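Chain by chain, the residues run as shown.
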Amino acid sequence: MAIFIDSDTKLVVQGITGRDGSFHTTEMMEYGTQVVAGVTPGKGGQTFEGPDGASVPIFNTMDEAVAETGANTSVIYVPPAFAAGAIMEAADSGVDLVVAITEGIPVLDMARAHAFARDQGVRVLGPNCPGMISPGTSKVGILPAQIVEEGPVGVVSRSGTLTYEAVFALTNLGLGQTTCVGIGGDPLIGTNFIDCLEAFEADPDTEAIVMIGEIGGTDEQEAAAYVEEHVSKPVVGFIAGQTAPPGRQMGHAGAIISGSAGTAEEKMKAFEDHGIAVAKRPVDIAGLIQERLA
Amino acid sequence: MAIFIDSDTKLVVQGITGRDGSFHTTEMMEYGTQVVAGVTPGKGGQTFEGPDGASVPIFNTMDEAVAETGANTSVIYVPPAFAAGAIMEAADSGVDLVVAITEGIPVLDMARAHAFARDQGVRVLGPNCPGMISPGTSKVGILPAQIVEEGPVGVVSRSGTLTYEAVFALTNLGLGQTTCVGIGGDPLIGTNFIDCLEAFEADPDTEAIVMIGEIGGTDEQEAAAYVEEHVSKPVVGFIAGQTAPPGRQMGHAGAIISGSAGTAEEKMKAFEDHGIAVAKRPVDIAGLIQERLA
Amino acid sequence: MDIHEYQAKELFRGAGIPVPPGEIATTPDEAEEIAGRYGGMVVVKAQVHTGGRGKAGGVKLAKDAAEARAHAEAILGMDIKGLTVEKVLVTPGEDIATEAYVGVLMDRKKQAATFMVSPEGGVDIEAVAEENPEAIRKLTVDPRYGLLPHQAYWLANFLYEDKALARQATKIIGQLYEAFQANGCSMAEINPLITTPDGELKAIDAKVSIDDSELFRLPDVAAMRDTSDEPAAEIKAREAGLSYVKLDGDVGCCVNGAGLAMATMDLVKYYGGEPANFLDIGGSSNPDKVVSALEIITADPSVKSILFNIFGGITRCDDVANGLVEATSRIDIDLPIVIRLTGTNEEEALQILEDNGFSAYSSMDDVVEKAVELAKA
Amino acid sequence: MDIHEYQAKELFRGAGIPVPPGEIATTPDEAEEIAGRYGGMVVVKAQVHTGGRGKAGGVKLAKDAAEARAHAEAILGMDIKGLTVEKVLVTPGEDIATEAYVGVLMDRKKQAATFMVSPEGGVDIEAVAEENPEAIRKLTVDPRYGLLPHQAYWLANFLYEDKALARQATKIIGQLYEAFQANGCSMAEINPLITTPDGELKAIDAKVSIDDSELFRLPDVAAMRDTSDEPAAEIKAREAGLSYVKLDGDVGCCVNGAGLAMATMDLVKYYGGEPANFLDIGGSSNPDKVVSALEIITADPSVKSILFNIFGGITRCDDVANGLVEATSRIDIDLPIVIRLTGTNEEEALQILEDNGFSAYSSMDDVVEKAVELAKA
């Protein structure tokens with residue numbers, strides 16, 4: 001078992017003919033993800049040549065792609081100017097889940113796109129996220145497949161490479177993962193910590209959860225309160241950005257301390273107050289999980 | 001019992017200081033409607049002097065009016081340019097029901113206002129409607145009170161004076177009404193025949209239903225199909241506009257035969273096909289009801 | 001309010017839609033002059049508020065200015081479905097590779113603007129809808145979001161397989177939606193939207209209806225009203241705040257309320273007569289309105305009897321009766337008038353009418369029967 | 001991107017918000033000339049990207065042109081929170097009856113623009129929110145509908161009891177929302193919005209932040225970027241596509257990924273060191289980026305050691321190692337560099353680094369500890 005994606009995931013790649021889209025489509029297909037269709041307006045009728053002679057039909061619209069292939073998930077590698085439109089097209093097409101990798105989508109566009117997806121009852125992951133991977137079954141996005149392993153730990157994180165660090169440490173200790181989810185570093189994201197915690201709590205195969213946050217916003221604080229009330233499984237947390245100065249954006253558009261709000265201290269305190277073990281260093285995450293699964 | 005309004009209705013009048021608003025507020029108060037507040041931006045703090053020394057506080061905003069008085073219904077006598085805005089303000093304020101009397105609201109404004117009200121879960125009656133009356137308890141709108149009588153007949157109609165005609169005939173035969181609802185003559189209306197039929201069916205005091213339609217659109221046809229499937233009480237129907245030429249708007253913005261669609265013949269046939277007794281003349285409505293209640 | 005093709009094209013141009021040039025002529029001379037300036041083939045098109053102009057001979061291709069003049073001569077003054085052609089549009093002839101249909105109208109059931117597009121353009125879309133519904137793609141626009149880019153493309157993609165054409169059509173569909181919104185339309189259509197042999201899209205015919213309720217805030221659009229082919233009575237009625245539609249019968253009807261007015265017409269028919277008009281005087285008892293109503297009805301030479309049907313609700317019947325008396329004292333009417341007044345203050349009203357020599361009834365059926373009888377007398 | 005007060009005022013004027021006139025001076029002469037033209041009292045205001053200008057002495061009232069000159073002389077070149085004042089805004093003094101606060105920002109939790117208004121203007125709104133929260137009214141704007149008229153009025157009505165003032169404020173709030181949307185803002189505020197003794201509303205201070213992701217489609221707004229008070233290193237980093245923030249420590253950090261970069265800085269602190277910077281080189285192994293990163297880090301005189309922390313995922317470690325070798329061959333660096341490379345093709349990468357004389361680590365903790373130790377040496 002896993003959350004959000006698994007062996008039933010039938011994926012459409014929006015922007016499949018672009019540089020990133022084509023590269024990661026091959027990677028996903030190599031991992032075993034069922035990539036059933038690609039969409040690039042104006043390239044309908046062509047095919048994408050994947051690894052091992054596999055080929056993927058390309059459609060002009062999501063509507064056609066879903067009608068022809070029964071796809072249930074979409075991943076978006078579309079340039080920022082068109083990405084919010086692509087998310088809305090996906091949300092309108094009948095898929096249940098839209099994973100938006102694109103970085104740099106205008107926030108005002110995303111406010112509309114998130115509202116639209118909510119109205120359609122469609123889950124959006126991201127944008128500006130690395131996607132997710134359910135080891136052994138499916139990978140949607142850009143997370144490196146070679147560092148993951150099947151196992152009992154659910155991982156949810158706002159950052160990319162820091163997640164790799166944590167996952168790699170888990171794998172090295174023999175602690176595999178049910179699903180690793182990168183929720184993204186943008187100010188407005190479609191799936192937050194609480195959504196993932198709820199799903200991991202409901203997933204019978206997940207035995208412990210790693211939650212990796214960073215400065216900016218209050219998602220981690222709310223997630224901590226949620227954990228205390230609704231999550232029975234052990235949760236280990238980490239917050240990046242203790243040394244970040246206020247008012248400066250640290251790479252991610254959402255990683256910024258506004259006034260005195262959104263500091264790492266505040267978030268770590270919230271974790272501790274609500275019974276979440278806080279790792280001081282990334283390397284400690286795996287150890288704390290190991291203790292709790294012993 | 002009655003539908004939509006009764007002795008628990010606590011009404012705010014939007015546009016209470018206008019010519020129509022003030023006149024009909026007095027009429028409604030005289031009938032016994034609990035008019036608890038008025039709203040006119042910029043006139044907050046004043047009072048409206050009603051009949052018999054009763055006075056009604058005026059507020060600048062619906063938000064204040066509802067907060068201060070616990071109003072649950074609003075009626076709108078606001079000029080067309082501002083009426084859609086007033087409907088949205090009402091829908092946003094916590095009332096459950098908004099009765100929009102104003103005629104001539106731009107249809108594009110109403111498309112947005114209806115969507116907004118739906119999003120807030122608020123019922124809109126109208127616009128361009130005479131409102132409704134539950135004899136003996138409450139009147140909201142401009143229906144003349146002196147022609148109604150308490151009794152077992154529910155009346156729903158797209159037109160004003162034609163409804164008076166039918167109601168008057170009912171009253172003259174000793175057939176009183178639970179509620180008389182004028183759903184309005186605009187192309188886009190918030191409450192349609194089916195909504196009213198559903199409510200009358202659920203209302204234990206309503207024993208028979210009069211449904212008065214006119215040319216234009218397909219509401220009557222859909223209502224007829226609904227009656228056959230969901231309404232156990234006898235329904236008598238009437239359609240105005242058998243002699244109306246196609247393509248010409250007959251007074252009401254919504255009363256227009258487009259191409260060959262929306263004719264009186266089509267609607268009368270739908271009534272007959274679905275077991276609704278069709279009155280040939282307005283005066284026959286009361287007789288047909290009497291037969292069915294005998 | 002319907003506007004003419006050339007006006008609709010102006011609105012479309014304003015939204016950026018590619019529309020060929022065109023000018024209006026009211027005389028054959030003007031048509032010849034315009035055609036001469038364009039050079040080559042032109043189309044001369046009657047500007048009247050009705051469909052079916054082509055079938056009626058109101059649209060003609062001319063190979064040169066002389067022929068354009070001849071066509072204009074034939075078309076100007078022509079009667080199309082009861083409307084006299086006062087103006088023709090002269091526009092260059094276009095090479096047509098394909099014709100499509102693109103339209104948007106307010107859908108009552110969906111409560112939102114709805115697009116219909118079809119690769120079968122240049123023909124009646126209702127006929128296509130009936131005979132070949134799969135040749136039509138429909139899309140309802142959520143008013144909360146407006147037309148989204150992928151929706152416009154989805155429609156365009158149904159019209160054109162070619163990538164470049166689909167891209168142009170996407171843009172045009174977006175512009176049509178903009179024009180629809182900005183001008184308070186209840187309907188806006190391009191029929192046909194053509195492709196030229198060198199792959200350009202052009203809107204060569206345009207049809208637009210405006211929601212009357214929008215006109216107060218759109219003075220430029222309101223100024224497009226052309227009353228030249230509208231019956232004088234309807235213009236007068238609109239100016240007096242009345243709602244009037246001329247019909248073919250001889251019983252003049254004056255009623256308060258649109259539903260009751262239609263029911264009254266129907267009852268005239270039921271009793272073997274034919275209504276001469278629809279006329280809703282509204283809720284007011286203002287004598288000026290009653291005067292205007294009587295003037296309009298009596299100006300119709302086919303009217304043989306006049307029937308008033310008033311249900312006084314909020315309006316007091318005695319007020320209406322006084323209005324009626326005052327109105328009839330202001331104008332001379334030698335047609336029989338029968339009146340039904342009921343509702344609030346009915347008694348007083350009937351007394352006023354009798355005192356002034358009017359037949360007054362309290363039943364709608366009685367008054368209609370009487371009016372029909374008088375019209376036949 | 002933050003823009004200056006005078007630029008924010010330009011955007012506000014474009015949306016119709018009443019903003020008093022004002023001109024920019026970069027010399028005392030200019031300030032005197034502008035003040036002379038306005039006549040009477042003027043305000044001389046430092047234009048820097050930070051709050052608290054008033055407290056720092058960067059905003060001064062002048063009774064005449066001579067005093068304006070003197071103030072400009074004092075303010076130009078002044079250091080406010082580490083930023084040098086290069087420009088002052090000279091604007092006529094206003095008679096102030098009341099001061100209010102009106103602001104709108106993107107609310108992360110509500111995922112929508114959210115207004116805050118308060119009749120307590122001219123002060124820090126965060127302080128008001130803490131000390132007197134009932135003096136603030138908030139409203140979230142549904143992006144599907146935009147700001148509705150009744151919502152703008154509801155906010156305005158909280159600020160002013162007077163009908164005429166509330167009406168003006170309703171309009172200004174609508175215009176502020178328009179400016180917010182049209183210019184891709186993440187924050188826009190008027191603080192204070194004043195009333196004059198004769199009942200006029202004016203925005204006498206303005207603050208706007210632009211969402212960086214909007215700049216590609218808003219060239220006019222993008223052109224407002226003022227790098228004059230921005231550290232050269234940050235300008236260079238942005239141009240090279242790097243994300244760089246200068247800090248106070250001595251361990252230069254170069255990391256792929258923002259989260260990992262922050263975690264690396266935190267680990268430097270954990271091991272007793274102080275990070276000199278945040279630097280995210282992104283997912284690319286392009287040697288040009290590595291060169292730029294090294295140039296930026298080595299240009300900081302306080303840096304004592306350089307730490308690379310790369311987690312190769314999609315990026316192959318051997319590519320990065322080659323990039324690093326190439327980069328260091330292009331520029332001379334006499335600081336110690338320690339490198340951690342792990343993930344895809346780690347073995348090959350470590351070999352490349354060793355062959356070129358670099359210390360290579362596979363654990364993040366080891367490399368950070370070493371970098372701290374080297375910085376202290």
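Thresholds applied
Residues numbered from 1 in each chain as written. Chains lettered and ligands numbered in written order. Predicted model: local features only at pLDDT ≥ 70, side-chain atom pairs only at ≥ 80, totals over all residues. Heavy atoms only, no water. Helix = DSSP H or I, 4+ residues; strand = E, 2+ residues; numbered from the N terminus. Contact = heavy atoms within 4.5 Å. Areas by Shrake-Rupley, 256 points an atom, 1.4 Å probe, with all protein chains shown as cover. Lys, Arg positive; Asp, Glu negative; His and termini not counted. Charge placed at Lys NZ, Arg CZ, Asp CG, Glu CD. Axes fitted to C-alpha atoms, helices over the stretch in contact; angles between N-to-C directions. Parallel < 35°, antiparallel > 145°, perpendicular 65-115°, else oblique. Nonpolar A, V, L, I, M, F, W, Y, C, P; charged D, E, K, R; others polar. Core = buried A, V, L, I, M, F, W, Y, C linked by side-chain atoms within 4.5 Å. Buried < 20%, exposed > 50% of the residue type's maximum accessible area, 1.4 Å probe, protein only. Pairing = 2+ DSSP bridges. Buried area = accessible area lost by both parts, 1.4 Å probe. Salt bridge = Lys/Arg side-chain N within 4 Å of Asp/Glu carboxyl O. Polar contact = N/O pair within 3.5 Å; in protein donor to acceptor, adjacent residues only side chain to side chain. Domains from an automatic or database assignment. Phe/Tyr/Trp six-rings, centres within 6.5 Å; stacked < 30°, edge-to-face > 60°. Disulfide = S-S within 2.5 Å. Expected span 1.5 Å × (residues − 1). Arc of directions from axis to C-beta.

1. Here we look at the overall build of chain A
For step 1, the next point in the chain: On a plain count of helices and strands, chain A comes out with nine helices and 14 strands.
For step 2, the next point in the chain: Seen through its principal axes, chain A has C-alpha atoms that stretch 55 × 40 × 30 Å.
For step 3, the next point in the chain: In chain A, 71% of the contacts between residues at least 6 apart in sequence involve partners at least 24 apart.
For step 4, the next point in the chain: Carbon and sulfur atoms make up 47% of the accessible area of chain A, which totals about 9,700 Å².
For step 5, the next point in the chain: In chain A, 15 positive and 38 negative side-chain charges are present, and the distance between their average locations comes to 6 Å.

2. So, the packing of helix α3 (residues 80-91) of chain A against helix α4 (residues 107-120) of chain A
All names here are of chain A.
For step 1, the next point in the chain: One way to put it is that α3 packs onto α4 with a least axis distance of 9 Å and a crossing angle of 5°. Taken together, the axes of α3 and α4 lie roughly parallel to each other. Facing α3, whose interface residues are A84, I87, M88 and A91, α4 presents D109, M110, R112, A113, F116, A117 and Q120.
For step 2, the next point in the chain: A class-by-class count of the residues in the contact of α3 with α4 yields eight nonpolar, one polar and two charged.

3. Some remarks on the nonpolar core
For step 1, the next point in the chain: Membership of the largest hydrophobic core comes to 102 residues, with the highest contact counts inside it found for V75(B), V99(B), L197(B), M211(B), M250(B), L307(C) and V368(C).
For step 2, the next point in the chain: Looking at this core element by element, the count peaks at eight residues for helix α9 (residues 258-270) of chain C.
For step 3, the next point in the chain: Excluding residues that lie within four positions of it along the chain, M211(B) makes contacts with V156(B), F193(B), L197(B), A223(B), V227(B), V235(B), V236(B), G237(B), F238(B), F271(B) and I276(B).
For step 4, the next point in the chain: Membership of the second largest hydrophobic core comes to 101 residues, among which are I183(A), F200(A), A255(A) and A270(A).

4. Points about the sheet that holds strand β8 (residues 131-134) of chain A
Whenever strands of a sheet pair, they do so through backbone hydrogen bonds, lying parallel or antiparallel.
For step 1, the next point in the chain: If you walk across this open sheet you meet the seven strands as β9-β8-β11-β10-β12-β13-β14 (chain A), and the pairing is mixed. At either end of the open sheet lies a strand with only one pairing partner, and these are β9 (138-141) and β14 (277-278) of chain A.
For step 2, the next point in the chain: Here strand β10 (residues 150-157) of chain A runs beside strand β11 (residues 177-182) of chain A; their pairing, made up of five bridges, is parallel. Bridge pairing in β11(A) links V153(A) to Q177(A).
For step 3, the next point in the chain: On the sheet, helix α8 (residues 264-273) of chain A packs against β12 (208-214), β13 (235-240) and β14 of chain A and is oriented at approximately 170° with respect to β13(A).
For step 4, the next point in the chain: Packed onto the sheet, helix α9 (residues 258-270) of chain D meets β12 and β13 of chain A and runs at close to 85° relative to β13(A).

5. Brief notes about unusual backbone geometry
All names here are of chain A.
For step 1, the next point in the chain: Here the amide bond leading from G126 into P127 is cis, since omega sits at 10°, within 30 degrees of zero.
For step 2, the next point in the chain: Within the fold, P127 resides in the loop between β7 (123-125) and β8.
For step 3, the next point in the chain: Here the phi dihedral of D52 falls at roughly 55°; this positive angle occurs in a residue that is not glycine.
For step 4, the next point in the chain: Within the secondary structure layout, D52 lies in the loop between β3 (47-49) and β4 (55-59).
For step 5, the next point in the chain: Assessed through its relative accessible area of 81%, D52 is described here as exposed.

6. A few points about the interface of chain B and chain C
For step 1, the next point in the chain: On the chain C side, the residues contacting the 61 residues of chain B number 47 residues.
For step 2, the next point in the chain: Roughly 3,900 Å² is buried in total at the junction of chain B and chain C, and carbon and sulfur atoms are behind 60% of that figure.
For step 3, the next point in the chain: Contact with chain C buries area across many residues of chain B, yet L108(B), T243(B) and M250(B) alone supply 17% of it, more than any other trio.
For step 4, the next point in the chain: For the pair chain B and chain C, the number of links is six salt bridges.
For step 5, the next point in the chain: One salt bridge connects R340(C) with E165(B), and the closest N-O pair in it is separated by 2.5 Å.
For step 6, the next point in the chain: Our enumeration of links across chain B and chain C arrives at 17 residue pairs in polar contact (both at pLDDT 80 or more).
For step 7, the next point in the chain: Among the elements of the structure, α1 (19-31), α4 (107-120), α5 (161-172), β13 (235-240) and α9 (282-293) of chain B are those that each provide at least two residues to the side of chain B that touches chain C.

7. A closer look at the environment of A67(A)
For step 1, the next point in the chain: Here A67(A) is to be found in helix α2 (residues 62-69).
For step 2, the next point in the chain: Owing to a relative accessible area of 62%, A67(A) belongs among the exposed residues under this scheme.

8. Some points on the environment of T315(C)
For step 1, the next point in the chain: In this structure, T315(C) sits in the loop between β16 (305-312) and α11 (317-330).
For step 2, the next point in the chain: For T315(C) and G343(C), which are 28 residues apart along the polypeptide, the C-alpha to C-alpha distance reads 8.8 Å.

9. Here's the deal with the domain arrangement of chain A
All names here are of chain A.
For step 1, the next point in the chain: Examined at the domain level, chain A breaks down into domain 1 (10-125) and domain 2 (144-293).
For step 2, the next point in the chain: Averaged C-alpha coordinates put domain 1 and domain 2 at centres separated by 27 Å.
For step 3, the next point in the chain: Taken together, both faces of the contact between domain 1 and domain 2 bury some 820 Å²; the carbon and sulfur share is 60%.
For step 4, the next point in the chain: It is H114, R123 and L125 that lose the most area in domain 1 upon contact with domain 2, and together they represent 50% of the buried surface on that side.
For step 5, the next point in the chain: At the surface where domain 1 touches domain 2, the tally comes to one salt bridge.
For step 6, the next point in the chain: For the pair domain 1 and domain 2, the number of links is three residue pairs in polar contact (both at pLDDT 80 or more).

10. Let's talk about the packing of aromatic side chains
For step 1, the next point in the chain: Taken as a whole and assessed by the stated rule, the structure comprises 12 aromatic pairs over all chains.
For step 2, the next point in the chain: For the ring pair Y164(B) and F311(C), a centre distance of 5.8 Å and an interplane angle of 65° mean the geometry is edge-to-face. Within this pair, whereas Y164(B) is found in helix α5, its partner F311(C) is found in strand β16, the two belonging to separate chains. Grouping residues by exposure puts Y164(B) and F311(C) together as buried.
For step 3, the next point in the chain: A centroid spacing of 5.4 Å and a plane angle of 90° characterise the contact between F168(B) and F311(C), whose relative ring orientation is edge-to-face. Here F168(B) is found in helix α5, whereas its partner F311(C) is found in strand β16 on a different chain.
For step 4, the next point in the chain: Looking at F168(B), the relative accessible area reads 22%, which means it is partly exposed.

11. Observations concerning the pattern of salt bridges
For step 1, the next point in the chain: Evaluation of the coordinates by the stated rule reveals 72 salt bridges over all chains.
For step 2, the next point in the chain: Between E274(C) and K269(C) there is a salt bridge, with its nearest N and O atoms 3.1 Å apart.
For step 3, the next point in the chain: Residue E274(C) is classed as partly exposed on the basis of its relative accessible area of 38%.
For step 4, the next point in the chain: Among the ionic pairs, D205(D) bridges to R53(D), the shortest N-O distance being 3.0 Å. With D205(D) in the loop between β11 (201-203) and β12 (206-210) and R53(D) in the loop between β2 (42-46) and β3 (59-62), this residue pair connects regions lying 152 residues apart in the sequence. Residue D205(D) shares its accessibility class with R53(D), and that shared class is buried.
For step 5, the next point in the chain: One connected set of salt bridges, linked through shared partners, spans D119(A), D119(B), D142(C), R144(C), D142(D) and R144(D).

12. What about the domain arrangement of chain C?
For step 1, the next point in the chain: Looking at chain C, the domain boundaries give domain 1 (21-92), domain 2 (98-222) and domain 3 (231-376).
For step 2, the next point in the chain: Each of domain 2 of chain C and domain 3 of chain C has a C-alpha centre, and the two are 43 Å apart.

13. Overview of the sheet that holds strand β5 (residues 73-76) of chain A
All names here are of chain A.
For step 1, the next point in the chain: Pairing in this open sheet of seven strands is mixed, and the strands run β3-β4-β2-β1-β5-β6-β7 from one edge to the other. In this open sheet, the two strands that pair with only one neighbour each are β3 and β7. Each strand axis lies, on average, 25° off the axis of its neighbour in the sheet, ignoring direction.
For step 2, the next point in the chain: As paired strands, strand β1 (residues 10-14) and strand β2 (residues 34-39) are joined by five bridges and run parallel to one another. In the sheet register, V13 faces β2, and the bridge partner there is G38.
For step 3, the next point in the chain: Running at roughly 150° to β2, α2 makes contact with β1, β2, β4 and β5 of the sheet.

14. What about the state of the cysteines?
For step 1, the next point in the chain: In this structure the tally under the stated criterion is zero disulfides over all chains.
For step 2, the next point in the chain: No disulfide involves C129(A); its sulfur sits 10.0 Å from the nearest other cysteine sulfur, which is in C196(A).
For step 3, the next point in the chain: This cysteine, C254(C), is not joined by any disulfide, and C253(C) carries the nearest cysteine sulfur, 8.9 Å off.

15. Description of helix α1 (residues 19-31) of chain A
Residues and elements named next belong to chain A.
For step 1, the next point in the chain: Its 13 residues give α1 an end-to-end C-alpha distance of 19 Å, which sits within 8% of 18 Å, the value for a rise of 1.5 Å per residue.
For step 2, the next point in the chain: Here α1 has its buried residues at G21, H24, T25, M28 and M29. Buried positions in α1, seen along its axis, are confined to an arc of 140° and lie on one side of it. Along α1, the residues that are exposed and aim more than 90 degrees away from the buried face are R19 and E30.
For step 3, the next point in the chain: Tucked into the core, α1 has its buried residues touching β1, β2, β3, β4, β5 and β9.
For step 4, the next point in the chain: G32 sits one or two residues past α1 and shows a positive phi near 110°.

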